[in-house]
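Examining the three-dimensional arrangement
The lines below spell out each chain.
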Amino acid sequence: MRQGTKEDTCMDEPMLRLTPDAAIAMDELRFTASTASGPGGQHVNKVSTRITLLFDLDGSPSLSDSQKARIHASLSSRIGKDGVLRVVAQTTRSQLTNKGLAVERFVALLHEALTPRPPRRKTRATLASKRRRLETKRRRGMFKQQRSRLPGTED
């Protein structure tokens, strides 16, 4: 292990409920701590408050293959080539608070990825909206025609 990096695998809750039919055990999550970036003076350089939550999506026994595919499709930018989902939290100066924020963000991301989108219902433009569009086009065309005529010459 590098200096300034710690690993921890325990949290208070045994299961994280993502959707009514999907839950993940807390022992599937790994946490690494490192020094955070940004302002903070000497504190930021000597204390490891940034938390990275690591979740092995491909190796998770809690999720079905279809759920894993949905998560891969919607969170592909956060998943590495090794199939590990990464969530980083570094907003506060407390490691414990950042760990809680990382777990909350993780649950929110997976809940959104696993919630099916309602199908789009096709709609039609109303007759009034079609007429307004055509009338606007007619006015615009007449305005442009009047602009192109030379003054003093009439047909």
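Summary of the structure given here.

**Some thoughts on the environment of alanine 69**
Note that alanine 69 resides in helix H2 (residues 65-74). Residue classification places alanine 69 among the partly exposed residues on the basis of a relative accessible area of 44%. Between the C-alpha atoms of alanine 69 and aspartate 58, which are 11 residues apart in sequence, the distance is 9.5 Å.

**What to know about the environment of threonine 19**
Structurally, the position occupied by threonine 19 is in strand E2 (residues 15-19). Separated by 91 residues in the primary sequence, threonine 19 and leucine 110 place their C-alpha atoms 8.7 Å from one another. Ignoring sequence-local partners within four residues, the contact set of threonine 19 consists of His111, Leu114 and Thr115.

**Looking at the nonpolar core**
The nonpolar side chains of a soluble globular protein tend to be buried with one another. Counting 26 residues, the largest nonpolar core has Leu53, Phe55, Ile71 and Phe106 as the members making the most contacts within it. Mapped by element, the contributors of at least two residues to this core are E2, strand E3 (22-25), strand E4 (29-34), strand E5 (50-56), strand E6 (84-89) and helix H3 (95-114). Take this core: its biggest share by element is 7 residues, from H3. Excluding residues within four positions of it along the chain, phenylalanine 106 makes contact with Leu16, Ile24, Leu29, Leu53, Phe55, Leu85 and Val87.

**Looking at the side chain of glutamate 28**
Secondary-structure assignment places glutamate 28 in the loop between E3 and E4. As a buried residue without a salt bridge, glutamate 28 has its nearest oppositely charged side chain in lysine 68, at a separation of 7.7 Å. A polar contact is formed between the side chain of glutamate 28 and the side chain of serine 60, at a distance of 2.6 Å. Ignoring any residue separated from it by four or fewer positions in sequence, one finds glutamate 28 in contact with Leu54, Phe55, Ser60, Pro61 and Ser62.

Definitions and cut-offs
Residues numbered from 1 in each chain as written. Predicted model: local features only at pLDDT ≥ 70, side-chain atom pairs only at ≥ 80, totals over all residues. Heavy atoms only, no water. Helix = DSSP H or I, 4+ residues; strand = E, 2+ residues; numbered from the N terminus. Buried < 20%, exposed > 50% of the residue type's maximum accessible area, 1.4 Å probe, protein only. Contact = heavy atoms within 4.5 Å. Core = buried A, V, L, I, M, F, W, Y, C linked by side-chain atoms within 4.5 Å. Lys, Arg positive; Asp, Glu negative; His and termini not counted. Salt bridge = Lys/Arg side-chain N within 4 Å of Asp/Glu carboxyl O. Polar contact = N/O pair within 3.5 Å; in protein donor to acceptor, adjacent residues only side chain to side chain.

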